[in-house]
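Remarks on the overall topology
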Amino acid sequence: MSAVNGRQVPRYGHGSRVPGWDEAVDLTKDPATIPDPATTPVPPLLRERIAQAMTKYPDRRSAAIPALHAAQDEHGWCSPEAIDQVAAVMQLTPAYLTSVATFYDMFKMHPMGRHDVFVCTNISCSLRGADEFFEAMKAAAEDADDINVRSFECLGACDIAPMASVDGEYVGPLEPDDAQRIVDDVLAGRAVLEHKQLRYRRSADPEVAEEAGDFSPSPVDAEEADEGEGEGQDS
């Protein structure tokens, strides 16, 4: 708590921060070396994904983020083994890749659930009930070991506040009752809160409308199409 004009104001402690910033550097370690590709086993699919990522950039170091994402998909987190495998393929030191991975909130440096629910708790979402939803989300996922619930400083979707990212899918506006539905959808392998997914929100931008075909028809569009067919048959 902190005092503002004599009034106690709650200070929330669940905001995101750069992980590892308060961990002391081990100066006794040997200088970092690049793992030998000949003696570092790398799963074939992971090796292929890293190689494909490197072809997209003139400097291979620019592929560090997609390469680390690929390793995290393979191992469930950026384990020392995963870091070494990426380093061997990219011919970079594990220290360099670790410095990248520890900078970003979406890389896991410790084992945790494979499914990520990031609840935005920045000002726009917080004013519309994000803190209450965050507590409801934590409670709903308490017994779901494979679901990792975290707050996030800002996900950049204030127009659907309060919102969250569920395995990369933006959903909102959210209510506390949606928390259990998210858990149920994730565990069942279903599309999460399909009616509240950002990808299905209507847009006046013609370019966005043209690209809508990249996604499957939204539930709303499908319902309207079914109703239209029914009306045509009645006439």
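See the structure shown above.
Residues numbered from 1 in each chain as written. Predicted model: local features only at pLDDT ≥ 70, side-chain atom pairs only at ≥ 80, totals over all residues. Heavy atoms only, no water.

**Let's talk about the packing of helix H1 (residues 44-54) against helix H2 (residues 64-75)**
The cut-off we apply is this: Here, axes are lines fitted to C-alpha atoms. For helices the fit covers the stretch in contact, and angles between N-to-C directions go from 0 to 180 degrees. For the purposes of this entry, the term helix denotes a DSSP run of H or I that reaches at least four residues, the term strand denotes a run of E that reaches at least two, and both are numbered from the N terminus. Between 65 and 115 degrees an angle is taken as roughly perpendicular, under 35 as roughly parallel, over 145 as roughly antiparallel, and anywhere else as oblique. In this scheme, a crossing is called left-handed if the near helix is turned counterclockwise away from the far one by less than a right angle; it is called right-handed if the turn is clockwise. Whether two residues are in contact is decided by their heavy atoms: any pair within 4.5 Å suffices.
One way to put it is that H1 packs onto H2 with a least axis distance of 9 Å and a crossing angle of 165°. It follows from the interaxial angle that H1 and H2 lie roughly antiparallel. For the pair H1 and H2, the sense of crossing is right-handed. Side by side, H1 and H2 meet where Leu46, Arg49, Ile50 and Ala53 of the first sit next to Pro66, Ala67, Ala70, Ala71, Asp73, Glu74 and His75 of the second.

**Quick word on the pairing of strand E3 (residues 115-120)**
Note the cut-off: Residue burial is assigned from relative accessible area. The probe radius is 1.4 Å, only protein chains are included, and a residue is buried under 20% of its type maximum, exposed over 50%, and partly exposed in between. Two strands are said to pair when DSSP picks up at least two bridges between them.
E3 sits mainly inside the fold: five of its six residues count as buried. As paired strands, E3 and strand E5 (residues 164-166) are joined by three bridges and run antiparallel to one another. Paired with Phe118 across the bridge in E5 is Ser165.

**Here we look at the side chain of Asp185**
Going by this rule: Polar contact is defined as a pair of N or O atoms within 3.5 Å, subject to the rule that within protein one atom must be able to donate a hydrogen and the other to accept it, and that residues adjacent in sequence are counted only when both atoms are side-chain atoms.
Checked against the element boundaries, Asp185 lands in helix H7 (residues 178-188). Of the polar contacts made by the side chain of Asp185, one reaches the backbone nitrogen of Leu193; its length is 3.1 Å. Contact partners of Asp185, with chain neighbours within four places excluded, come to Arg190, Ala191, Val192 and Leu193.

**Digging into the pattern of salt bridges**
Heads up, the condition is: We define a salt bridge as a side-chain nitrogen of Lys or Arg found within 4 Å of a carboxyl oxygen belonging to Asp or Glu.
Evaluated as defined, the whole model comprises nine salt bridges. Where Asp105 meets Arg150, a salt bridge forms, and the shortest distance between an N and an O atom there is 3.8 Å. In this pair, Asp105 sits in the loop between helix H4 (94-101) and E3 while Arg150 sits in strand E4 (residues 147-152), placing the two residues 45 residues apart along the sequence. Here Asp105 falls in the buried class, since its relative accessible area comes to 14%. Between Lys138 and Glu135 there is a salt bridge, and its shortest N-O distance comes to 3.6 Å. In this pair, Lys138 and Glu135 are both assigned in helix H6 (residues 130-140), three residues apart and thus about one turn of the helix distant. For Lys138, a relative accessible area of 38% translates into the label partly exposed. Judged by relative accessible area, Glu135 falls into the partly exposed class, the value being 42%.

**Digging into the sheet that holds E4**
Read from one edge of the open sheet, four strands run E4-E3-E5-E6, paired in mixed fashion. With one partner strand each, in any of the chains shown, E4 and strand E6 (169-171) form the two edges of the open sheet. On average, adjacent strands in this sheet sit at an angle of 25° to one another, irrespective of strand direction. Sitting on the sheet, H6 touches E3, E4 and E5, and the angle it makes with E3 is about 160°. Docked against the sheet, H7 engages E3, E4 and E5, running at close to 135° with respect to E4.

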